[in-house]
Amino acid sequence: MSGMISPFQMKENRIVSFEFKQKEATGEYGSQKVSFGADYEISEITEIDGILQSELHLFIEMTGRTDAEEELFQIRLDIMGTFEGESEQLDKGRFLNMLKINGLSTLMQLSRAYVTASTALSGFVNPIRFPMVNVYELVKRKEGSI
């Protein structure tokens, strides 16, 4: 069983900020378009007593508009996770890669659940479920590989 436990773990997470603006449509509209954006920041990796640690912030921004370009809602979310890794099993490069893939994937799923629950509680007939995100593509864009 112990071989199944990853040397990379999320120790805590929290919502740093959440901004949600919902507007009433002034006219009738046929459809709704939702734009989606994501970005992230990784703090400096530190090592104390054989444990690597870093904070990862994931930023989500979504805007809903009618087909007539009238804004219906805007969501901005900053979620942070603190991640640790055993330096005996992970060097800083591998830890950084795990932050980018595993850490972002974990925070992305927590963000999806948070936005869905928040919009359901805010009176949306159909709560907002943002799409699955290709984390590899997000990292490539962030690092300017495209």
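As shown above, the structure is provided for reference.
Quantities reported herein were computed from a predicted structural model and do not represent experimental measurements.

Procedures and definitions
Residues numbered from 1 in each chain as written. Predicted model: local features only at pLDDT ≥ 70, side-chain atom pairs only at ≥ 80, totals over all residues. Heavy atoms only, no water. Axes fitted to C-alpha atoms, helices over the stretch in contact; angles between N-to-C directions. Helix = DSSP H or I, 4+ residues; strand = E, 2+ residues; numbered from the N terminus. Left-handed = near helix turned anticlockwise from the far one by under 90°. Contact = heavy atoms within 4.5 Å. Nonpolar A, V, L, I, M, F, W, Y, C, P; charged D, E, K, R; others polar. Buried < 20%, exposed > 50% of the residue type's maximum accessible area, 1.4 Å probe, protein only. Arc of directions from axis to C-beta. Polar contact = N/O pair within 3.5 Å; in protein donor to acceptor, adjacent residues only side chain to side chain. Salt bridge = Lys/Arg side-chain N within 4 Å of Asp/Glu carboxyl O. Core = buried A, V, L, I, M, F, W, Y, C linked by side-chain atoms within 4.5 Å.

A short note on the packing of helix H1 (residues 92–121) against helix H2 (residues 135–142)
Describing two packed helices takes the angle between their axes plus the distance from one axis to the other.
(1) Moving on: Taken N-terminus to C-terminus, the directions of H1 and H2 make an angle of 115 degrees; their axes are 10 Å apart at the nearest point. For the pair H1 and H2, the sense of crossing is right-handed. Along its contact with H1, which presents Lys100, Ile101, Leu104, Ser105 and Met108, the element H2 presents Val135, Tyr136, Leu138 and Val139.
(2) Moving on: Of the residues in the contact of H1 with H2, the class split is 7 nonpolar, 1 polar and 1 charged.

Here we look at unusual backbone geometry
(1) Moving on: Of note, aspartate 49 is a non-glycine position whose phi angle comes to about 50 degrees, a positive value.
(2) Moving on: Residue classification places aspartate 49 among the exposed positions, given a relative accessible area of 77%.

Observations concerning H2
(1) Moving on: Listed in full, the buried residues belonging to H2 are Val135, Leu138 and Val139. All buried residues of H2 lie within an arc of 95 degrees about the axis, which places them on one face of the element. Facing away from the buried surface of H2 by more than 90 degrees, the exposed residues are Tyr136 and Arg141.
(2) Moving on: The secondary structure elements touched by the buried residues of H2 are strand S2 (32–42) and H1.
(3) Moving on: Sitting at the head of H2, asparagine 134 places a side-chain oxygen 3.1 Å from the backbone nitrogen of tyrosine 136.

Quick notes on the pattern of salt bridges
(1) Moving on: Scanning the model with the defined rule gives 11 salt bridges in all.
(2) Moving on: Between glutamate 143 and lysine 100 there is a salt bridge whose closest N-O contact spans 2.3 Å. Linking glutamate 143 in the segment after H2 with lysine 100 in helix H1, this pair joins segments that are 43 residues apart in sequence.
(3) Moving on: Judged by relative accessible area, which is 12%, lysine 100 ranks as buried.
(4) Moving on: Between glutamate 137 and lysine 140 there is a salt bridge, with its nearest N and O atoms 3.9 Å apart. With a gap of 3 residues between them, glutamate 137 and lysine 140 both fall in helix H2, about one helical turn apart.
(5) Moving on: Connected via shared salt-bridge partners are Lys23, Lys33, Arg65, Glu69 and Glu71.

Notes on the nonpolar core
(1) Moving on: Ranked by internal contacts, the top residues of the largest apolar core, which has 28 residues, are Met62, Phe95 and Leu104.
(2) Moving on: Elements that contribute at least two residues to this core include exactly strand S4 (51–66), strand S5 (71–86), H1 and H2.
(3) Moving on: Here this core takes 7 residues from H1, the largest share from any one element.
(4) Moving on: With residues up to four places along the chain from it excluded, the contact list for phenylalanine 95 reads Phe8, Ile45, Leu52, Gln53, Ser54, Phe83, Glu84, Gly85 and Leu90.

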